[in-house]
Amino acid sequence: MRDEKINALSERLEQLEQRNSVLEDRVRELTESNTAPNVDSGWSPAGNPGIKVKLLGDSNSAGKIKFGSGKGTLGSALPGSDLFVATVNDLPVPAQSHELFSDASDVVIAVGSNNLKNPECDPTLLVKQLYDYIKLVTSSYTSLHVVLPGVLPVFQPESSSNSNVSNLNDKIKRYNYYLKDLCCNHPRLTYIECNMFANNSGGLKPGLAKGGTDLLHLSEQGLKLYFSRLKYALRERHGLPVARRRPAPTSNTRNPGAQNGGSSSSRGGNSTARGGGNNGSRGGRGGRFNS
């Protein structure tokens, strides 16, 4: 009886040793795969040397979004440069723009408003034209990621009943809908939601517009909001820390002392600028242009 127990224990020990050997082999495989070169593994406050942003934008972004370090810039972790591009038709030809795209990790394409101002411009066809361009860029530069902010609405004063402005904002809304749909579930496209710029009637919010006769361009406050949306999206995409603002203090009728001595568990925070499979801004109904 004793010998049988010893034999059973010996067999069990042998099984455990075999299992341990298999586990050791698996740990070795995982360790080797994790030590392989990975551009995302070398993050530091100074940024990843593999990150370089190219901004192709119209007058609301090119020259307004600052690169570099310090306050009011994208920061040293997101180096890059910009190029003024008035319309989708003026985007640089990929085959002739090797110097522009070859070392870029991300290209931000912030154009479309000047196209949509043309009464003959169809939002659906414009998105299709942009997608054809994106296919050329991404096929020529296989590591490039494309970031697409929505087109900003146009300001319409409350005293104005300009049907042209109203029609333009309707076209912009349709364009952004299709642009968001384009980015849905596309691994190399990121859509930046711009709904927060619009008021209930679909126009640019008064505080974000320059006002006066300029219905299109952003005020200083509008530029700060646009800048923060772009910066947040790029930092999130590259796994860089993103700041979250605490909400302003509110009155507490049940515990008046909470404002002075207590702390709130609600931290708030910026909504994510990406979407699709990652968080909310990229979503859409299903990639009708992804054929």
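In the block above lies the structure referred to throughout.
All values reported here derive from a predicted model rather than from experimental measurement.

Examining the packing of aromatic side chains
And step 1. Scanning the entire structure with this criterion turns up three aromatic pairs.
And step 2. When the centroid spacing of 5.4 Å and the interplanar angle of 45 degrees are considered together, the rings of Phe-101 and Tyr-141 count as tilted. One end of the pair, Phe-101, is in helix α2 (residues 98-101); the other, Tyr-141, is in the loop between α4 (123-140) and β4 (145-149), with 40 residues separating them in the sequence. The exposure classification of Phe-101 matches that of Tyr-141, with both residues buried.
And step 3. Between Phe-197 and Tyr-226, the ring centres sit 6.2 Å apart and the planes meet at 65 degrees, which makes this aromatic pair edge-to-face. In this pair, Phe-197 sits in the loop between β5 (189-192) and β6 (209-211) while Tyr-226 sits in helix α6 (residues 220-237), placing the two residues 29 residues apart along the sequence.
And step 4. You can call Tyr-226 buried: its relative accessible area is 8%.

Focus: empty space enclosed by the protein
And step 1. Under the counting rule described, the total for this entry stands at one cavity of 30 Å³ or more.
And step 2. The volume enclosed by the largest cavity comes to roughly 130 Å³.
And step 3. Of the residues in the lining of the largest cavity, the class split is seven nonpolar, five polar and one charged.

What about the nonpolar core?
And step 1. In this structure, Leu-56, Leu-91, Ile-109, Leu-130 and Leu-148 are the most contacted members of the largest nonpolar core, which totals 36 residues.
And step 2. Counting residues per element, the ones that place at least two in this core are α2, β3 (106-110), α4, β4, α5 (163-183) and β5.
And step 3. Counting residues per element, this core draws most heavily on α5, which supplies eight residues.
And step 4. Not counting chain neighbours up to four residues away, the residues in contact with Leu-130 comprise Val-88, Leu-91, Ile-109, Leu-148, Tyr-175 and Leu-179.
And step 5. Counting 25 residues, the second largest nonpolar core, distinct from the first, contains Val-53, Leu-78, Leu-230 and Ala-233.

Quick word on the environment of Val-107
And step 1. Residue position: Val-107 is located in strand β3.
And step 2. For Val-107, a relative accessible area of 1% puts it in the buried group.
And step 3. Note: C-alpha distance between Val-107 and Val-146 (39 residues apart in sequence) is 5.0 Å.
And step 4. Contacts of Val-107, omitting those with residues within four sequence positions, involve Lys-54, Leu-56, Phe-101, Leu-144, His-145, Val-146 and Val-147.

Re the packing of α4 against α5
And step 1. Contact pair α4 / α5: the axes reach a minimum separation of 9 Å and the direction vectors enclose 40 degrees. The chirality of how α4 crosses α5 is right-handed. Contacts between α4 and α5 pair Pro-123, Thr-124, Leu-126, Val-127, Leu-130 and Tyr-131 from the former with Lys-171, Arg-174, Tyr-175, Tyr-178, Leu-179 and Leu-182 from the latter.
And step 2. Class assignment of the residues belonging to the contact of α4 with α5 gives a composition of nine nonpolar, one polar and two charged.

What counts, and where the lines are drawn
Residues numbered from 1 in each chain as written. Predicted model: local features only at pLDDT ≥ 70, side-chain atom pairs only at ≥ 80, totals over all residues. Heavy atoms only, no water. Phe/Tyr/Trp six-rings, centres within 6.5 Å; stacked < 30°, edge-to-face > 60°. Helix = DSSP H or I, 4+ residues; strand = E, 2+ residues; numbered from the N terminus. Buried < 20%, exposed > 50% of the residue type's maximum accessible area, 1.4 Å probe, protein only. 1 Å grid on protein atoms, 1.4 Å probe; cavity = no way out; pocket = protein on both sides within 12 Å on 5 of 7 lines; lining within 4 Å. Points joined across faces, edges and corners; volume = space filled by probe spheres on them. Nonpolar A, V, L, I, M, F, W, Y, C, P; charged D, E, K, R; others polar. Core = buried A, V, L, I, M, F, W, Y, C linked by side-chain atoms within 4.5 Å. Contact = heavy atoms within 4.5 Å. Axes fitted to C-alpha atoms, helices over the stretch in contact; angles between N-to-C directions. Left-handed = near helix turned anticlockwise from the far one by under 90°.

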